[in-house]
Amino acid sequence: LLRIANLKNNTHLLSTTQEIEFAQNIAQHTATDAIFLTSTNHNHPIPLWAQRPIFLGYLGWIRNFGFEDSLRAQQLPLVYQGDATADTILAENKISYIYVGPKEQSSMTINSTYLSKFPIAFQDSTTIVYDSRQLWKQ
């Protein structure tokens with residue numbers, strides 16, 4: 001326990017202060033059932049700090065609990081790439097927001113041209129969250 005408490009040797013953070021504050025702001029301004037499209041990192045701020053549902057979570061946990069993830073694992077990058085099926089995927093799954101932060105930028109190809117058709121709901125120096133509800137909410 002004393003080794004763990006030595007912060008000089010244990011500097012790995014679950015989340016940065018900026019990520020926590022940004023996610024808490026999102027939590028204050030979105031519906032509790034709003035679904036977010038995010039990367040599949042185990043420490044993503046949306047499920048951790050905003051406590052909002054996500055389209056696909058950390059694959060290790062999903063598979064561990066026996067959920068079928070192959071279709072969503074295929075669809076997730078297609079939306080970020082702006083594939084021809086992206087609008088359909090967003091609408092069929094009633095995805096409210098598309099989160100593009102450092103985790104998404106490092107793990108996926110981001111098509112900014114495709115995403116720019118959606119209004120920006122939240123933004124800070126490293127992250128943009130797009131509002132995709134227009135595709136399914138009438």
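Refer to the structure above for everything that follows.
Starting afresh in each chain, residues are numbered from 1 along the sequence in its written order. The model is predicted, so local features are restricted to residues of pLDDT at least 70 and side-chain atom pairs to those at 80 or more, both for listing and for counting; the totals for chains, interfaces and linings are taken over all residues. Calculation of side-chain values draws on the structure's entire complement of heavy atoms; hydrogens and water are dropped beforehand.

Would you take a moment to explain unusual backbone geometry for this structure?
It is generally the case that most residues other than glycine have a negative phi and that most peptide bonds are trans. Although it is not a glycine, Gln51 sits at a positive phi angle of roughly 55°. In this model, Lys94 sits at a positive phi of 50°, which is unusual for a non-glycine residue. A run of H or I in DSSP becomes a helix once it reaches four residues, and a run of E becomes a strand once it reaches two; helices and strands are each numbered from the N terminus. Checked against the element boundaries, Lys94 lands in the loop between α6 (86-92) and β2 (95-100).

Where do I start with the packing of aromatic side chains in this structure?
For any pair of aromatic rings, geometry is given as the distance between the ring centres together with the angle between the planes. Think of it this way: a Phe, Tyr or Trp ring, Trp meaning its six-membered ring, pairs with another when their centres are within 6.5 Å, and the plane angle makes it stacked under 30 degrees, edge-to-face over 60, tilted otherwise. Applying the stated criterion to the full structure yields four aromatic pairs. For the pair Phe36 and Tyr97, a centre-to-centre distance of 4.9 Å together with 25° between the ring planes defines the contact as stacked. Of this pair, Phe36 sits in strand β1 (residues 35-37) while Tyr97 sits in strand β2, and the two are 61 residues apart along the sequence. The two residues Phe36 and Tyr97 agree in class, both being buried. Look at Tyr114 and Phe118: their rings are 5.5 Å apart centre to centre, the planes differ by 85°, and that puts the pair in the edge-to-face class. Through pairs of rings, three or more aromatic residues link up here, namely Phe36, Tyr97 and Phe122. Exposure classes here rest on a 1.4 Å probe applied to the protein chains alone. A residue is buried below 20% of its type maximum, exposed above 50%, and partly exposed in between.

How do you make sense of the side chain of His44 when you look at a structure like this?
If you trace the backbone, His44 turns up in the loop between β1 and α3 (45-50). Looking at His44, its side chain comes within polar contact range of the main-chain nitrogen of Ile46, at 3.2 Å. Residue contacts follow a heavy-atom distance rule, with two residues in contact if any of their heavy atoms lie within 4.5 Å. Those residues in contact with His44 that lie beyond four places of it in its chain are Thr38, Ser39, Tyr99, Lys103 and Glu104. Nitrogen and oxygen atoms within 3.5 Å of one another constitute a polar contact, given that in protein one can donate a hydrogen and the other can accept it, and given that sequence-neighbouring residues count only through two side-chain atoms.

Would you take a moment to explain the pattern of salt bridges for this structure?
Oppositely charged side chains may form a pair once their charged atoms are brought near each other. The working definition used for a salt bridge is a side-chain nitrogen of Lys or Arg within 4 Å of a carboxyl oxygen of Asp or Glu. Throughout the structure, instances matching the rule amount to three salt bridges. A salt bridge links Lys117 to Asp87, with the nearest nitrogen and oxygen atoms 2.6 Å apart. Pair noted here: Lys117 is in the loop between α8 (112-115) and β3 (120-123) and Asp87 is in helix α6, with a separation of 30 residues, a long-range link. Overall, the relative accessible area of 27% leaves Asp87 in the partly exposed class.

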